[in-house]
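What the coordinates show
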Amino acid sequence: MYGDDIASVLISEDQIAEKIDEIADLVAKRYPAGAPEGDLLLVGVLKGAIFFMTDLAKRLQIPTQMEFMAVSSYGSSTSSSGVVRIMKDLDKDIAGRNVLIVEDIIDSGLTLSWLLRNLKSRNPASLEVVTLLRKPDALRTQVDVMHVGFDIPNEFVVGYGLDYAERYRDLPYIGTLDPKVYGGK
Ligand code: 5GP
Ligand code: MG
Ligand code: MG
């Protein structure tokens, strides 16, 4: 549907679904229902994590609540600088809650480490991260991630929530973008 903009399918729809089942089982074990902290609070990072967040919530066999946050990191459109601004903050106080950040992708890890510091200062009972994708550079920044869906090569990917210039989020799979789309060779 995007012509030949997609160079290859890196992770298929079925592979994503299987992985989410796996992650959901692990998350449900980590947060038994009926905890004194109340329902697990999923914090989705807009917009990239939308499908991962909603698919994960549907497969989790424990009660969860959902909050969303939007942050923008300054930098070029294909890499981030670590300077982060909150575009949309959480609607609710997270003090005393079990909070699970749901992320689309960790590249440099700068966005996430900033977000972890910011949310930690609000005194949640616990704070953990699941990310669907992780790139090799992430290993240079020390961020503790509870579960990583897929470790992927250092290529720019789109689909399943991930965009380039707001396009391609609606693809049901994760693919690599032909460099011609962003002006490469
Ligand atoms: P980091 O701060 O970890 O370097 O960057 C994280 C953010 O950069 C992600 O939330 C995402 O918005 C963007 N990003 C990093 N790598 C990719 C990629 O391969 N594809 C897309 N679409 N966005 C990416
Ligand atoms: Mg993200
Ligand atoms: Mg983006």
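Preceding this section is the structure that the text describes.
These remarks concern the structure in this document. (Residues numbered from 1 in each chain as written. Chains lettered and ligands numbered in written order. Predicted model: local features only at pLDDT ≥ 70, side-chain atom pairs only at ≥ 80, totals over all residues. Heavy atoms only, no water.)

Quick word on the sheet that holds strand 2 (residues 40-46)
Filter applied, for reference: DSSP calls a pair of strands paired once it identifies at least 2 bridges connecting them. Segments assigned H or I by DSSP are reported as helices when at least four residues long, segments assigned E as strands when at least two residues long, and all are numbered from the N terminus. Convention adopted: a line fitted to C-alpha atoms gives each axis, helices being fitted over their contacting stretch, and angles between N-to-C directions are expressed from 0 to 180 degrees. By definition in these notes, contact holds between two residues if any of their heavy atoms fall within 4.5 Å.
Taken in spatial order, the 6 strands line up as 4-3-2-5-6-7 in an open sheet, and their pairing is mixed. Because the sheet does not close on itself, it has two edges, and the strands there are strand 4 (84-88) and strand 7 (147-151). Each neighbouring strand pair of the sheet contributes to a mean axis angle of 25°, computed without reference to strand direction. Here helix 3 (residues 110-120) sits on the sheet in contact with strand 2, strand 3 (64-73), strand 4, strand 5 (98-106) and strand 6 (126-134), set at roughly 125° to strand 3.

What to know about helix 2 (residues 50-59)
Worth spelling out the cut-off: Relative accessibility decides the category of a residue: with a 1.4 Å probe and only protein chains considered, values under 20% of the type maximum give buried, values over 50% give exposed, and everything between is partly exposed.
Restricting attention to buried positions, one finds in helix 2 the residues Phe52, Met53, Asp55, Leu56 and Ala57. Along its buried surface, helix 2 packs onto helix 1 (13-30), strand 2, strand 3, strand 5 and strand 6.

With respect to unusual backbone geometry
Of the consecutive residues leucine 46 and lysine 47, the connecting peptide bond is found in the cis state with omega at -10°. Inspection of the secondary structure puts lysine 47 in the loop between strand 2 and helix 2. With a phi angle near 50°, alanine 165 is a residue other than glycine that sits in the positive phi range. Checked against the element boundaries, alanine 165 lands in the loop between strand 8 (157-158) and strand 9 (174-177). Given the relative accessible area of 60%, alanine 165 is considered exposed. In this structure, glutamate 166 is a non-glycine residue whose phi angle is positive, near 70°. Examined against the element boundaries, glutamate 166 turns out to sit in the loop between strand 8 and strand 9. Judged by relative accessible area, glutamate 166 falls into the partly exposed class, the value being 47%.

Concerning the sheet that holds strand 9
Spatially, the 3 strands line up as an open sheet ordered 1-9-8, and their pairing is antiparallel. Both edges of this open sheet fall to strand 1 (6-11) and strand 8, since each of them pairs with a single strand only. In the sheet, strand 1 pairs with strand 9 via 4 bridges, with the strands oriented antiparallel. Note that in strand 9 the partner of valine 9 across the bridge is glycine 175.

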